[in-house]
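# Structural characterization, general
Next come the chains, spelled out residue by residue.
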Amino acid sequence: MSASNTDFVLAVEGLTVSFDGFKAVNDLSFYVDKNEIRVIVGPNGAGKTTVLDLICGRTKATEGSIRFRNRELTKMKEHQIVRAGVGRKFQTPSIYGDLTVFENLEISFPRGRSVFGALAFKRDEEVMTRVSEIADMIFLSELLGTRADLLSHGQKQWLEIGMLLIQDPELLMLDEPVAGMSVSERRQTAELLRRITKDRSVIVIEHDMQFVAEIADKVTVLHQGKILAEGSAEEVKKNPKVIEVYLGH
Amino acid sequence: MSYTGLRSLLPKNDLLSFGVLALLLVVILPLSLDIFRLNLIGKYLTYAFVALGLVLCWGYGGILSLGQGVFFGLGGYAMAMFLKLEASSPENTAIQSTPGIPDFMDWNQLTELPWFWEPFHSLGFTIIAIVLVPSVFAYIIGVAMFKRRVGGVYFAIITQAVAAILTILIIGQQGYTGGVNGITDLRTLNGWDIRTDGAKYFFYFLCVFLLFVCLLIAQFVRKSKLGRLLVAMREMEDRVRFSGYDVSNFKIFVFCLGSAFAAIGGAMFTLQVGFMSPTFVGIVPSIEMVIFCAVGGRLSIIGAVYGTLVVNWAKTSFSESFPELWLFAMGALFIAVVMAFPNGLAGLYKKYGEPLLLRVIDKVKAGRGGLGGDLNSKGVVHERQ
């Protein structure tokens, strides 16, 4: 199918993926605006994480198109999608435990990404400034020299968010960023998210409806690989179909 | 290179271990051993090239290759082919039915030199081929495996299969390769007899020199961002991929580098031992090389050298007295390393040796009235071991 050019940052159209006949995502279409915070909710197995996997190229689509700033992503390799400006945070914190917080951020700094670029990479002023800037933002500036292994669960989540921020992606995708966090960490994260979502579009997967209402511009409810409802958090909460799916679950 | 550049490449503790190793290999061993024993050490050191490559591939990158003997062998055979051609001059081989070709070809009824032997008349070509042929071969294996995301145990098994295949090929193609005997009776290098004591001394020092060149290259790689990326890939490959890196390229690079090191080792082996045979290509030597690396400490490039020396020295002295028990001892050693000190000799040194040594040096400096300040304070970047 030939998708038309749009003003949307992300345009997903007719997206389908089937694993041995099981359609985890089924003819899904949605659009994300510039600077929009979109939250995807839905019961377990609804296909939320699969949608993120499809966008970032980890899973290949069976059918349909994903266009990011009018560039087709379904044909691109993972690292090309990242370089195009899509950042993705995994559900469990994915950081490099044997490296320090500083080195974790430094590796994510978008320069010297080829083999010889990495050999020639120098830790210059620009890198130092950027790393300390990001470290400040993610509440880790005191811990730059600490091995990432030794961080708490919440700090690891922040570090991974920071590793994405240093790449300054235009589209940021976060898979359950506050899962397993303490109440105070949750509050700090909400504040962090509000700050970092300026000037970029964000897709968040989240269960906690209170948290969703707090951050979302628009909510998409997925159920069995299809969109069940879409709208503001308030509208979605009142939607009888959504209530049925959640209560029936 | 500027002073600060040198400092960041070789910080105080690394400089110390490079220095101690250089002292041992360049001064202490040549002065205290006769040429027969020194030549043995030289032979062991050729394995250290392989172990060094394994530190980068396996220790840093998490890519376990059980087929490094392949690259050691390719380098060694390339060198041996040159030496064999020189030893097979028409005058030397006048009694053969076809003079001028290596003796084993004549025994196998070959009447002319195979085409792929021809360029090995040139020393320049041979030196290039020693590094290039194994690297290109590693590149092909690397592209075929890593681009398809074959890794871990599967990669190890495939490299092992490659080692087995190459051994079988060499043994089976006796007329072209010398078969199970290998390429023997090597005599001169550009007319210079390699069997004299003088030549053995020369090759020992050449081997040490090349080992240090490789050690410095390895040090540069591990100190660069590429070194940190390898660690990152070993731990969380997906995160590296989703940070915009083409992970397979980095694996291919480090695998090729390790292979080039192994090949240089192989060539130095041929020069010092005077022959090359399929025994050094197959599965058993390839696994032994992994053990050298593990005993030395798979995260330490200097440790790899000591590991190789210690295991081989033990092997020689042990098998002189109890030849049948050696393999059991080797197995026990490997188990002991894995269970008791997973970071090998380097881990033990890091824990007990280095703090002591640094304290002594600081004391000496203070005694001389020097400042003895800590040149190693790096702030945010810590040494990992």
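Residues numbered from 1 in each chain as written. Chains lettered and ligands numbered in written order. Predicted model: local features only at pLDDT ≥ 70, side-chain atom pairs only at ≥ 80, totals over all residues.

To continue, consider the overall build of chain B. In terms of helices and strands, chain B carries 16 helices and two strands. Along the first, second and third principal axes, the C-alpha atoms of chain B reach 75 × 50 × 45 Å. Taken over 385 residues, chain B has a buried fraction of 42%. Once local pairs closer than 6 in sequence are excluded, the contacts in chain B between residues at least 24 apart make up 79%. (Helix = DSSP H or I, 4+ residues; strand = E, 2+ residues; numbered from the N terminus. Buried ≥ 20, exposed ≤ 12 C-beta atoms within 10 Å, placed from the backbone. Contact = placed C-beta atoms within 7 Å.)

Once that is clear, we can look at the sheet that holds strand S9 (residues 218–223) of chain A. Residues and elements named next belong to chain A. Ordered by their spatial adjacency, six strands build an open sheet running S6-S7-S8-S3-S9-S10, and the pairing between neighbours is mixed. What marks the edges here is a single partner per strand, and that holds for strand S6 (86–89) and strand S10 (226–231). Pairwise comparison of adjacent strand axes, ignoring direction, gives a mean angle of 15° for this sheet. (Pairing = 2+ DSSP bridges. Axes fitted to C-alpha atoms, helices over the stretch in contact; angles between N-to-C directions.)

Attention now moves to helix H2 (residues 12–32) of chain B. End to end, H2(B) covers 28 Å across 21 residues, agreeing with the expected 30 Å (1.5 Å per residue, within 8%). Considering bend angle alone, the principal kink of H2(B) is centred on Leu24(B) and spans about 35°. (Expected span 1.5 Å × (residues − 1). Bend = angle between axes of the 7 residues up to and from the residue.)

On to the UniProt feature "transmembrane region" (unreviewed entry) in chain B. Feature annotation in UniProt assigns "transmembrane region" (unreviewed entry) to the following positions: residues 15–33, 45–74, 123–146, 153–172, 201–221, 242–269, 289–313 and 325–349 of chain B. A distance of 34 Å separates the end C-alpha atoms of residues 123–146 of chain B, which is 100% helix and 0% strand. (UniProt positions renumbered as here; feature names shortened; annotations may be inferred.)

Looking now at the interface of chain B and chain A. A common way to state how big an interface is: give the accessible area lost once the parts meet. Every contact between the two is made by 25 residues of chain B and, on the other side, 28 residues of chain A. With seven residues, helix H10 (residues 225–235) of chain B is the largest single contributor of residues to the side of chain B that touches chain A. Per-class residue counts for the side of chain B that touches chain A are eleven nonpolar, six polar and eight charged. (Nonpolar A, V, L, I, M, F, W, Y, C, P; charged D, E, K, R; others polar.)

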